[in-house]
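Next come the chains, spelled out residue by residue.
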Amino acid sequence: MTDPVLAARTLVAERHPQAYAAFLGGSVITHRRTAYSDLDMVVLLDGAPAPYRESLRFAGWPVELLVHTRSSWDGYVEREIPERRCPLLFMCAAGTLLIDHDGAGARLQQHARQLVADGPPKATASELDDRRYPLTDLLDDLAGCTDPSERLFITTELARRTAEFILLSDGAWLGGGKWLSRRLADARPGLPERLNAAVRAALDGHTDALVALVDEALAPAGGRLWEGYRREGIAGRDEVGEQVR
């Protein structure tokens, strides 16, 4: 296939010649590129047809195209930062700057890098308690589990929630899928490998390592939490009791 940077620049020139900035992000510009990598692109326009997103193929590459104005970019980032997970922000902060008219792209990239460096909002004690409770419940489920099929889902849910809890506790950015593992590796080098080994053992019925790892993660925040946990419901909304199920 065509060089990814060349393909991305050509795509912008053909589809959005009026673009004043464009970025290529994701795994394709790193050593993690695989035969299944796509072109994760952000394109900045002064107006319509932005904002929109589109999945397409170009020059043999699958492409995820995010087209924004600066106003829509700011709006998306401002909404996603409180969730502690913002792919758009990282695509611009860590991406390759493809097009830059009048320095606007460089300024946006510097702004994105500063936001990434500042980190996500610090988790409150209440937020951590809301994560400790379902982890405690899942540990109890695992202890009483005799069905291998149920153990599969309990174990994988424990792995995901434990990784997210550690990242929240460390004040680090969250991620989904492969990016959860990568964020965890950045925050705690070697921990994804430990978690992987513990999960594999747990799936075979040997749960001690996974339980120990989860308890290790919970300890700095006060350990397991079940008795005494209480949250008020909101009238008209069925949220209480939905922490795990």
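Nothing here was measured: the structure is a model prediction, and the numbers come from that model.

(A) Representation of the confidence of the model for the protein within the structure. Confidence in the prediction of the protein, expressed as mean pLDDT, is 92, and 94% of residues score 70 or more. Between residues 240–245, whose pLDDT stays under 50, and residues either more than four places distant or in other chains, the model counts 13 contacts.

(B) The packing of helix H6 (residues 148–170) against helix H7 (residues 178–187), seen in detail. Orientation of H6 relative to H7, taken along the N-to-C sense of each, is 45°, at an axis distance of 10 Å. Accordingly, the angle class assigned to the pair H6 and H7 is oblique. The hand of the H6/H7 crossing is left-handed. Contact residues: Arg160, Ala163, Glu164, Ile166, Leu167 and Asp170 in H6; Leu180, Arg183, Leu184 and Ala187 in H7. When its residues are assigned to classes, the contact of H6 with H7 shows six nonpolar, no polar and four charged.

(C) Representation of helix H8 (residues 191–203) within the structure. Helix length check: H8, at 13 residues, gives a terminal C-alpha distance of 18 Å against a target of 18 Å (1.5 Å per residue), a fit within 8%. Elements that come into contact with the buried residues of H8 comprise H6, H7 and helix H9 (208–218). With its phi angle positive at about 95°, Gly205 sits one or two positions after the end of H8.

(D) The arrangement of a negative patch on the surface in detail. Taken together, the side chains of Asp140, Asp141, Asp147 and Glu150 present a region of like negative charge at the surface. Summarising the element assignment, Asp141 is placed in helix H5 (residues 125–143). Judged by relative accessible area, which is 33%, Asp141 ranks as partly exposed.

(E) Representation of the side chain of His68 in the model. Considering the arrangement of structural elements, one finds His68 in strand S4 (residues 61–68). The class for His68 is buried, based on a relative accessible area of 5%. Separated by 2.8 Å, the side chains of His68 and Ser72 make a polar contact. Residues in contact with His68, not counting those within four places in the same chain, are Val43, Leu44, Leu45, Ala50, Pro51, Trp73, Tyr76 and Leu88.

(F) Local environment of unusual backbone geometry. In this structure, the amide linkage connecting Ala48 to the following residue, Pro49, adopts the cis form with an omega of 15°. Mapped onto the elements, Pro49 comes out in the loop between strand S2 (39–44) and strand S3 (52–58). Following Ala50, the chain continues to Pro51 via a peptide bond in cis, the omega torsion being 0°. Tracing the backbone shows Pro51 in the loop between S2 and S3. Non-glycine residue Ala59 carries a positive phi angle of around 55°. Locating Ala59 in the fold gives a position in the loop between S3 and S4. Look at Ala59 and you get partly exposed, because its relative accessible area is 38%.

(G) Highlighting the sheet that holds S2. Across the sheet, five strands lie side by side as S3-S4-S2-S1-S5; this open sheet has mixed pairing. Two strands bound the open sheet, and with one partner strand each, they are S3 and strand S5 (96–100). Neighbour-to-neighbour, the strand axes of this sheet turn through a mean angle of 20°, independent of strand direction. Inspection of the sheet shows strand S1 (residues 21–25) paired to S5 by four bridges, in the antiparallel sense. In the strand pairing of S5, Ala21 is matched with Asp100. Its contacts with the sheet place helix H1 (residues 4–15) against S1, S2, S3, S4 and S5, and it is angled at close to 120° to S3. This element, helix H4 (residues 104–118), spans S1, S2 and S5 of the sheet and lies at about 145° to S5.

How each quantity is defined
- One numbering rule holds for all chains: residues counted from 1, following each sequence as written.
- Residues qualify for local features only when their pLDDT is at least 70, as the model is predicted, and side-chain atom pairs are given and counted only at 80 or more; totals for whole chains, interfaces and linings, by contrast, use all residues.
- In computing side-chain properties, one takes all heavy atoms of the structure into account and sets aside hydrogens as well as water.
- The quantity known as pLDDT measures the predictor's confidence residue by residue, on a range of 0 to 100.
- Residue contacts are counted whenever heavy atoms from the two residues lie within 4.5 Å of one another.
- Angular values range over 0 to 180 degrees, each being the angle between N-to-C directions of two axes fitted as lines to C-alpha atoms, with helices fitted over their stretch in contact.
- Elements are defined by DSSP. Helices are runs of H or I of four residues or more, strands are runs of E of two residues or more, and each kind is numbered from the N terminus.
- By definition in this entry, angles of less than 35 degrees are roughly parallel, angles greater than 145 are roughly antiparallel, angles of 65 to 115 are roughly perpendicular, and the rest are oblique.
- By definition, turning the near helix anticlockwise from the far helix through less than a right angle yields a left-handed crossing, and turning it clockwise yields a right-handed one.
- Here the nonpolar group is Ala, Val, Leu, Ile, Met, Phe, Trp, Tyr, Cys and Pro; Asp, Glu, Lys and Arg are the charged ones; every other residue, Gly included, is treated as polar.
- For a helix, the expected span equals 1.5 Å multiplied by the residue count minus one.
- A patch consists of residues whose relative accessible area exceeds 30% and which take part in no salt bridge; residues with like charges are grouped when within 9 Å of each other, and nonpolar side chains (Val, Leu, Ile, Met, Phe, Trp, Tyr) when within 5 Å.
- To be clear on the numbers: accessible area is Shrake-Rupley with a 1.4 Å probe, and residue cover counts the displayed protein chains and nothing else.
- For this analysis, a salt bridge means a side-chain nitrogen from Lys or Arg found within 4 Å of a carboxyl oxygen belonging to Asp or Glu.
- Residues scored as charged are limited to Lys and Arg (positive) and Asp and Glu (negative), so that His and the chain ends carry no count.
- Note on charges: their place is set at NZ of Lys, CZ of Arg, CG of Asp or CD of Glu.
- Throughout, exposure labels follow a simple rule: accessible area from a 1.4 Å probe, protein chains only, divided by the maximum for the residue type, with under 20% read as buried, over 50% as exposed, and the rest as partly exposed.
- Side-chain atoms alone can form a polar contact between residues adjacent in sequence; in general such a contact is a pair of N or O atoms within 3.5 Å, and within protein one must be able to donate a hydrogen while the other accepts it.
- Strands are labelled as partners when DSSP assigns at least two bridges between them.

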